[in-house]
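A structural walkthrough
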Amino acid sequence: MSLQYQNILIERKENVGIIYLNRPRVLNALNRNTVDEIMNAMKDFNNDENVRVIIITSNGDNFSAGADIKEMSQLSSIDAEEKSPLANWDIAINSVKKPVIAAIKGYTLGGGLELALSCDIIIASEDAKLGQPEINIGLMPGGGGTQRLTRLLGKHKAMELILTGKMIDAKEAEKLGIVNKVVSKEKLLDEAIELAKEIAKKAPLAVKYVKEAILFTLESNLQEGLRYERKLFYLLLGSEDGKEGMRAFIEKREPKYKGK
Ligand code: DAK
């Protein structure tokens, strides 16, 4: 584990980069410094050729109870918009080209849930409690909750969750399609690492373009999305790894990818 940060820990396991939120005393509330550190660690992993997949999880019993209310209560609207890392966290996460897996447990609320929702895959432990409780403190989601949950759940369920601020458990979240899988707390990190390693074995360019194409669909209409997917497919078809993957299939052997 690296100690270069104050509020997060980072670790590398083979081709997997892991970020642990590490302010357990305040349930990993996301203050300015923590968000900055997450963004920096994401950027470093994104630029590190040896890291193929990123996991974000936490130290302690909870993923995150959301933005740090004590700190946030002191911000003016203009400060929040202009100076705080809350202003551009979404943009920063969206610029990560590698798959990001969120491994969540315990309280995963407000900005904590929004952080998980901005990842590509979410694995939850049985004790995870998810919600957007901002309405209970006179606010509303500001890190993507109204947009991402509505795309995931449809209007009615998103309205109910966000307007009541109620928490749902991991099973319910799985049923609704918010989380991919529910596992025991002891197995959470191992499951996430296993999945990450499985993805890390694939051709890096193909992984990158799959992520790009799937995210593109959220911002485009079907025709544009289909055109974009086809372009990325043609690029991969001509790539060294694409040729190697197909050759390996024909020669009945394991492919050796170079990321080219
Ligand atoms: N902020 C700061 N401190 C928090 C916190 C939070 N969100 N959540 C918990 N803590 C602190 C508590 O103050 C307490 O510290 P001490 O008082 O002991 O110093 C410690 O963590 C333990 O918490 P509790 O004593 O409250 O623990 P309980 O088990 O009794 O209750 C709870 C757990 C999770 C039900 C409760 O702590 C709670 O309701 N927490 C607040 C949850 C919440 O409202 N979250 C939403 C925050 S608003 C944006 C991006 C994102 C956002 C906004 C904009 N842009 C890009 C513009 C996000 C906004 C939010 O997340």
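Refer to the preceding data block for the structure.
First things first, this report covers the structure right here in the doc. (Residues numbered from 1 in each chain as written. Predicted model: local features only at pLDDT ≥ 70, side-chain atom pairs only at ≥ 80, totals over all residues. Heavy atoms only, no water.)

**A look at the pattern of salt bridges**
For clarity, the threshold we go by: Each salt bridge in this description consists of a side-chain nitrogen of Lys or Arg and a carboxyl oxygen of Asp or Glu lying within 4 Å of one another. By definition, any uninterrupted DSSP run of H or I lasting at least four residues is a helix, any uninterrupted run of E lasting at least two residues is a strand, and each is numbered from the N terminus. Note on exposure labels: buried denotes an accessible area under 20% of the residue type's maximum, exposed denotes more than 50%, and partly exposed covers the range between, all computed with a 1.4 Å probe on protein chains only.
Using the criterion set out here, one finds 14 salt bridges in the structure. A salt bridge links Arg 23 to Asp 68, with the shortest nitrogen-to-oxygen separation between them at 3.0 Å. Within this pair, whereas Arg 23 is found in the loop between strand S2 (16-21) and helix H1 (32-47), its partner Asp 68 is found in the loop between strand S3 (53-58) and helix H2 (69-72), the two being separated by 45 residues in sequence. Of the residues examined, Arg 23 reaches a relative accessible area of 18% and is grouped as buried. Its relative accessible area of 12% is what places Asp 68 among the buried residues. Several salt bridges share partner residues, and in doing so they unite Glu 244, Arg 247, Glu 251 and Arg 253 into one network.

**A closer look at the side chain of Asp 241**
Spelled out, the test is: Positive charges come from Lys and Arg alone, negative charges from Asp and Glu alone, with His and the N- and C-terminal ends not counted. Note on contacts: a residue pair qualifies if any of its non-hydrogen atoms lie within 4.5 Å across the two residues.
In this structure, Asp 241 sits in helix H12 (residues 240-250). Buried charged residue Asp 241 carries no salt bridge. Nearest counter-charge: Lys 258, at 6.6 Å. Once you skip the residues sitting within four places of it in the chain, Asp 241 turns out to touch Ala 203, Pro 204, Tyr 257, Lys 258, Gly 259 and Lys 260.

**A closer look at the sheet that holds strand S5 (residues 107-109)**
How we decide: Here, strands pair whenever DSSP counts at least two bridges between them.
Strand order in the open sheet formed by three strands is S5-S7-S8, with mixed pairing between adjacent strands. Either end of the sheet is taken by a strand with one partner, and the two such strands are S5 and strand S8 (168-169). Both S5 and strand S7 (residues 129-131) contribute to a ladder of three bridges, which runs parallel. Directly across from Thr 108, in S7, lies its bridge partner Leu 130.

**A word on the packing of helix H6 (residues 145-153) against helix H7 (residues 155-164)**
What counts here: Only the stretch in contact is used when a helix axis is fitted, and all axes are lines through C-alpha atoms; the angle between N-to-C directions ranges over 0 to 180 degrees. For this classification, under 35 degrees means roughly parallel, over 145 means roughly antiparallel, 65 to 115 means roughly perpendicular, and everything else is oblique. Whether a crossing is left-handed or right-handed is set by the direction in which the near helix is turned from the far one by less than a right angle, anticlockwise for left-handed and clockwise for right-handed. Polar here means any residue outside two lists: the nonpolar Ala, Val, Leu, Ile, Met, Phe, Trp, Tyr, Cys and Pro, and the charged Asp, Glu, Lys and Arg; Gly therefore counts as polar.
Two elements in contact, H6 and H7, have axes whose closest approach is 7 Å; the angle formed by their N-to-C orientations is 140 degrees. It follows that H6 is oblique to H7 by the angle criterion. Every pair of crossing elements has a handedness; the one defined by H6 and H7 is right-handed. When H6 is examined against H7, the residues Gly 145, Thr 146, Leu 149, Thr 150 and Leu 153 are found in contact with a partner set consisting of Lys 155, Lys 157, Ala 158, Leu 161 and Ile 162. Partitioned by chemical class, the residues of the contact of H6 with H7 number five nonpolar, three polar and two charged.

**Some details on the side chain of Glu 134**
Selection criterion: Two N or O atoms form a polar contact when they lie within 3.5 Å of each other; inside protein one atom must be a possible hydrogen donor and the other a possible acceptor, and for residues adjacent in sequence the pair counts only when both atoms belong to side chains.
Within the fold, Glu 134 resides in the loop between S7 and H6. As a buried residue without a salt bridge, Glu 134 has its nearest oppositely charged side chain in Arg 148, at a separation of 12 Å. Within the local environment of Glu 134, its side chain forms a polar contact with the side chain of Gln 132, the two groups lying 3.1 Å apart. Excluding residues that lie within four positions of it along the chain, Glu 134 makes contacts with Gly 110, Gly 111, Glu 114, Leu 139, Met 140 and Pro 141.

**Topic: the packing of aromatic side chains**
Rules: Ring pairs are drawn from Phe, Tyr and Trp, using the six-membered ring of Trp, whenever the two centres fall within 6.5 Å, and their geometry is named by plane angle: stacked under 30 degrees, edge-to-face over 60, tilted for the rest.
With the rule as written, the count across this model stands at two aromatic pairs. Look at Phe 216 and Tyr 228: their rings are 4.0 Å apart centre to centre, the planes differ by 20 degrees, and that puts the pair in the stacked class. Taken together, the positions of Phe 216 in helix H10 (residues 204-217) and Tyr 228 in helix H11 (residues 222-237) put the pair twelve residues apart, joining distant regions of the chain. Judged by centre distance (6.2 Å) and plane angle (70 degrees), the rings of Phe 233 and Tyr 234 are edge-to-face.

**Section: the pairing of S2**
Where burial is concerned, most of S2 is hidden: six out of the six residues are buried. Burial of the side chains of S2 extends over both faces: Val 16, Ile 18 and Tyr 20 are buried on one face and Gly 17, Ile 19 and Leu 21 on the other. Bridge count for strand S1 (residues 8-13) against S2 is six bridges, and the pairing is antiparallel. Paired with Lys 13 across the strands is Val 16, a residue of S2.

**Here we look at the sheet that holds S1**
A sheet is described by the order of its strands in space; here six strands give the open sequence S1-S2-S3-S4-S6-S9, paired in mixed fashion. Both edges of this open sheet fall to S1 and strand S9 (181-183), since each of them pairs with a single strand only. Neighbour to neighbour, the strand axes of the sheet diverge by 20 degrees on average, direction disregarded. Bridge count for strand S4 (residues 100-104) against strand S6 (residues 121-125) is four bridges, and the pairing is parallel. Considered in S6, the bridge of Ala 103 is made with Ile 123.

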